[in-house]
Amino acid sequence: MTEAAPQAQWRAALAEGRFLLQRARGSGTIFFPPRLAEPRSGDTDWEWIEASGMGTVHAVTVIHPRPPEPPRAVVLVDLDEEVRLMSEVEGVPAEEITIGLRVRARIGERDGAPILLFQAA
Amino acid sequence: MAGDFPRGQTAIAGIATYGVGECPGHTTMEMAAKAGLLALADAGMPLSQVDGLFICLPDDVLAGLSFAEYLGLSPRFTDCNRTGGSAFLSHVATAATMLAAGYIDTALIAYGSNQRSGGGKLSTPVGSNVWEAPYRPLFPASSYALAASRHFHEFGTTRRQLAEVAVAARAWANGNPEAFATGPLTIDDVLAARMLSSPLSVKDCCLVTDGAAAIVMTRTDRARDGAKPLVPVLGAAAATWHNAISQMPDLTTTAASESGGRAYAMAGVGPSDVDVVELYDAFTINTILFLEDLGFCPKGEGGRFVENGGIAPGGHLPVNTNGGGLSCCHPGMYGLFTIVEAVRQIRGEAANQIPGVDIALAHGNGGTLSSQATVILGSAATL
């Protein structure tokens, strides 16, 4: 019997309303997406930590589908833990989402599955 | 540390393109096989000499096996490497080292795609990973757009500067009978084009065409007897830093800064020695990033470098002299076409021939600015 691998563990936590990151015990480096080992070092001695949920928009693009579907923004967020991920910012018009915007994570639901989203902080 | 490379010991002896633009009624295999046969004829070499096969097809992950079967080859080494559109420039590195070692004697590198006639959309088996797909980025355009947004933010690069890249590509295409997209294109045309994924409009994106290409490589001592001028491989280096754009270490610096540096060291040349530059311009931002990362201008200066027709005909550096992926052709994996155009320039048989080309640089990009590979080719005078 083996325990669930990191990706499944992360998803199970998200379904319980928890946003987790991994931290290598040796270097203290925090990393995402979930992996079996710390990137570069290959160190498998890591632990789950709760993300602060706070971050900053690092890059943004506004996708313009053919009307009537409205424009929507896709962002890269730099978490305060120095981890970068792709997401969306809710509650702010797409064209007003700018690099440097402070954001806070929220676990929403889409297509019946939990999804990590952000709101203006 | 450049790594050992057999500078000048191998050469490109044959090149060909086939079905560039639209090639209805052909399978990808038929197109790649035709290009391969034409490249061998160009080299004056029989099919039976091919003992190393390097290939990508969009619709066949085991294309090397299928291609060998199709043409009745029995290669000693077969490579279906998939590092995206840079794969073919990686193939050159592999083929050069294997040829120089005597492991193989004749390498055929081939590609074919019927994506325009076949469906009219970018033909790729690749998409966003599970961490990005839920946010529905346009793949791959939004990834490049995110990198462009950072370049704008950090260096003040503008949409007008991106448009310069598209306009320059079109100007070169207008002199190339093989190019698919020809006719006038102005900066205002690009700026007024439909926005796709900001800051990239549809005119900042490469074409969707058919097209096949192939090259034949052998050892330089054998290529000296060939039908066409010798084009030795002076350096070839690849670098992979990530796959998904969210994992790119720095959105404004690509692994071309590594592959280029190593390729220059192998070749014993620097950016100022390069007479003509062929870059994988899947999007206008690519050209700017690669001009910086390959040392043609400082980081952040790419936008200003391309202004006022800087890379257009008559500018200060000839870049993508066939019209590039933006205006010549983009069958899905453009990399091999950068090599073909670089060889044509060195041979003196390019449509937009630059006088006296001794050193040409070809650069391929794969994934989402992920996998970079640089090949430096020379004339016989560089040996």
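Please refer to the structure higher up on the page.
Report on the accompanying structure. Predicted model only: the values in this text are computed from it and were never measured. (Residues numbered from 1 in each chain as written. Chains lettered and ligands numbered in written order. Predicted model: local features only at pLDDT ≥ 70, side-chain atom pairs only at ≥ 80, totals over all residues. Heavy atoms only, no water.)

### With respect to the packing of helix H1 (residues 28-43) of chain B against helix H2 (residues 63-71) of chain B
Residue and element names in this part refer to chain B.
And then number 1: At a closest axis distance of 11 Å, the pairing of H1 and H2 adopts a crossing angle of 65°. At the point where H1 passes H2, the crossing takes the right-handed sense. Here H1 contributes Met-29, Glu-30, Ala-32, Ala-33 and Leu-37 to the contact with H2, which in turn contributes Ala-63, Ser-66, Phe-67, Tyr-70 and Leu-71.
And then number 2: Of the residues that constitute the contact of H1 with H2, the class distribution is eight nonpolar, one polar and one charged. (Axes fitted to C-alpha atoms, helices over the stretch in contact; angles between N-to-C directions. Helix = DSSP H or I, 4+ residues; strand = E, 2+ residues; numbered from the N terminus. Left-handed = near helix turned anticlockwise from the far one by under 90°. Contact = heavy atoms within 4.5 Å. Nonpolar A, V, L, I, M, F, W, Y, C, P; charged D, E, K, R; others polar.)

### Let's talk about unusual backbone geometry
Residue and element names in this part refer to chain A.
And then number 1: In this model, Phe-32 is joined to Pro-33 through a cis peptide bond whose omega is -5°.
And then number 2: Residues other than glycine seldom take positive phi values, yet Glu-82 does so here, at roughly 65°.
And then number 3: Inspection of the secondary structure puts Glu-82 in the loop between strand S5 (72-79) and strand S6 (84-87).
And then number 4: The backbone of Asp-111 sits at a positive phi, close to 50°, despite the residue not being glycine.
And then number 5: The residue Asp-111 is located in the loop between strand S8 (102-110) and strand S9 (113-120) in this model.

### Overview of the nonpolar core
Residues and elements named next belong to chain B.
And then number 1: Ile-215, Met-217, Leu-291, Phe-296, Ile-339 and Leu-377 are the most contacted members of the largest nonpolar core, which totals 134 residues.
And then number 2: At nine residues, the largest contribution of residues to this core is made by helix H3 (residues 87-100).
And then number 3: Beyond its immediate stretch of four places on either side in the chain, Ile-215 contacts Ile-12, Gly-14, Ile-15, Ala-39, Val-92, Ala-107, Leu-108, Ile-109, Leu-336, Ile-339 and Val-340.
And then number 4: Met-29, Ala-39, Ala-68 and Leu-73 belong to the second-largest nonpolar core, a separate cluster that totals 29 residues. (Core = buried A, V, L, I, M, F, W, Y, C linked by side-chain atoms within 4.5 Å. Buried < 20%, exposed > 50% of the residue type's maximum accessible area, 1.4 Å probe, protein only.)

### Looking at the sheet that holds strand S9 (residues 276-279) of chain B
Picture the strands of a sheet paired through backbone hydrogen bonds; they go either parallel or antiparallel.
Residues and elements named next belong to chain B.
And then number 1: Across the sheet, nine strands lie side by side as S3-S2-S4-S7-S1-S8-S11-S10-S9; this open sheet has mixed pairing. This sheet does not close on itself; its edge strands, each paired only once, are strand S3 (77-79) and S9. Averaged over all neighbouring strand pairs, the angle between strand axes comes to 20°, with direction disregarded.
And then number 2: Pairing geometry for strand S4 (residues 106-113) and strand S7 (residues 210-219), over eight bridges, is antiparallel. Counterpart to Ala-110 in the pairing with S7 is Ala-214.
And then number 3: Packing of H2 onto the sheet brings it into contact with strand S2 (52-56), S3 and S4, and relative to S2 it is tilted by some 120°. (Pairing = 2+ DSSP bridges.)

### What about the sheet that holds strand S3 (residues 46-50) of chain A?
Residue and element names in this part refer to chain A.
And then number 1: Spatial strand order, S2-S1-S3: three strands in an open sheet with antiparallel pairing. With one partner strand each, in any of the chains shown, strand S2 (30-31) and S3 form the two edges of the open sheet.
And then number 2: Pairing analysis gives five bridges linking strand S1 (residues 20-24) to S3, with the strands arranged antiparallel. In the sheet register, Leu-21 faces S3, and the bridge partner there is Ile-49.
And then number 3: Sitting on the sheet, helix H1 (residues 6-15) touches S1 and S3, and the angle it makes with S3 is about 20°.

### Digging into the side chain of Ser-259 of chain B
Residue and element names in this part refer to chain B.
And then number 1: Along the polypeptide, Ser-259 turns up in helix H9 (residues 256-267).
And then number 2: Given a relative accessible area of 0%, Ser-259 falls into the buried group.
And then number 3: Excluding anything up to four places from it in sequence, Ser-259 contacts Ala-237, Ala-238, Ala-239, His-363, Gln-372, Ala-373 and Thr-374.

### With respect to the pattern of salt bridges
And then number 1: All chains considered together, the criterion is met by 23 salt bridges over all chains.
And then number 2: Note that Arg-72 of chain A is salt-bridged to Glu-69 of chain A, the shortest N-O span being 4.0 Å.
And then number 3: Note on Arg-72 of chain A: relative accessible area 17%, which makes it buried.
And then number 4: Among the ionic pairs, Glu-22 of chain B bridges to Arg-116 of chain B, the shortest N-O distance being 2.9 Å. Of this pair, Glu-22 of chain B sits in the loop between strand S1 (10-21) and H1 while Arg-116 of chain B sits in helix H4 (residues 115-118), and the two are 94 residues apart along the sequence.
And then number 5: By relative accessible area, which is 33% here, Arg-116 of chain B ends up partly exposed.
And then number 6: By sharing partners, the salt bridges in this structure join Arg-23, Arg-25, Asp-45 and Glu-47 of chain A into a single network. (Salt bridge = Lys/Arg side-chain N within 4 Å of Asp/Glu carboxyl O.)

Such coordinate-based values are descriptive only and should not be taken to indicate function.
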